[in-house]
Amino acid sequence: LSANALQAVLCIAGVACCVAMAMPQVHIVAYCGDLGYGVARGAEMLSLMLGFGIFSRIASGFIADRIGGVATLLLGSTLQGVALLLYLLFDGLASLYVISALFGLFQGGIVPMYAIIVREYFSPQEAGTRLGIVLMATLLGMALGGWMSGALFDFTGSYRAAFINGLIWNLLNVSIALWLLMRTA
């Protein structure tokens, strides 16, 4: 795999993981309002999600030191997919608090793994530029995911399709991470 091809693959993975990640982060408040729990409960869940993301970033660093960036990306992306699936299966108030905490715990370390992967696969002279490009792709994914989830809600009148869309994008990210891991094993 050439350096530019790897760069492109990492950018696609970055877009995919963040389209999936954006759905709950951008829409949890509106989702709770839609379910009748009120936007204040959704704001609490968002705070819980983002707070647990801090722990995830730190824990992911420790994990990556032991198993590497790609394996940690695969782990985080797989767990993020599990949390997205849980949003589809449960919509009770207590369960949404728990799932939001889990989602934060699972997703928080995903984007920082791209910095580790870039450093593992590219020379130090290229790392800054290549990381900037990959992180730009993750930001594009967050914007696209937030918009796409809202468009799907507007089209269907339900967040179910938006969660399924997030799962599909997450599966793309998991597939890329697994493919990269198998290439290096």
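Participant: Is there a simple way to think about the side chain of Ser77 in this case?
Facilitator: Here Ser77 shows up in helix H3 (residues 69-89). Assessed through its relative accessible area of 0%, Ser77 is described here as buried. Residues within four places of Ser77 in sequence aside, it is in contact with Ile110, Asn170, Asn173 and Val174.

Participant: Would you take a moment to explain the packing of aromatic side chains for this structure?
Facilitator: Any two aromatic rings considered together are summarised by their centre-to-centre distance and by the angle between their planes. According to the stated counting rule, one finds six aromatic pairs in the structure shown. A network of ring pairs unites the aromatic residues Tyr31, Tyr87, Phe103, Phe153, Tyr159 and Phe163 as a single cluster.

Participant: Is there a simple way to explain helix H7 (residues 160-184) in this structure?
Facilitator: One turn of the α-helix equals 3.6 residues, which is why residues spaced by three or four share an orientation. Counted at 1.5 Å a residue, the expected span for H7 with its 25 residues is 36 Å, and the 36 Å between its end C-alpha atoms agrees. Buried within H7 we find Ala162, Phe163, Asn165, Gly166, Asn170, Asn173, Val174, Ile176, Ala177 and Leu180.

Participant: Can you help me understand the nonpolar core in this one?
Facilitator: Across soluble globular proteins, nonpolar side chains show a tendency to be buried alongside one another. Leu10, Tyr87, Tyr114 and Phe163 are the most contacted members of the largest nonpolar core, which has 47 residues in total. Elements with a contribution of two residues or more to this core: helix H1 (3-35), helix H2 (39-67), H3, helix H4 (93-107), helix H5 (110-121), helix H6 (124-156) and H7. A per-element tally of this core places H1 first, with 15 residues.

Participant: Help me out: how do you make sense of the pattern of salt bridges in this one?
Facilitator: Any two side chains of opposite charge can pair, so long as their charged atoms come close to each other. Applying the stated criterion across every chain yields a total of two salt bridges. Arg41 is the salt-bridge partner of Glu44, the closest N and O atoms lying 2.8 Å from each other. Here the residue Glu44 and the residue Arg41 both occupy positions in helix H2, the gap between them amounting to three residues, near one helical turn. What makes Glu44 partly exposed here is its relative accessible area of 38%.

Procedures and definitions
Residues numbered from 1 in each chain as written. Predicted model: local features only at pLDDT ≥ 70, side-chain atom pairs only at ≥ 80, totals over all residues. Heavy atoms only, no water. Helix = DSSP H or I, 4+ residues; strand = E, 2+ residues; numbered from the N terminus. Buried < 20%, exposed > 50% of the residue type's maximum accessible area, 1.4 Å probe, protein only. Contact = heavy atoms within 4.5 Å. Phe/Tyr/Trp six-rings, centres within 6.5 Å; stacked < 30°, edge-to-face > 60°. Expected span 1.5 Å × (residues − 1). Core = buried A, V, L, I, M, F, W, Y, C linked by side-chain atoms within 4.5 Å. Salt bridge = Lys/Arg side-chain N within 4 Å of Asp/Glu carboxyl O.

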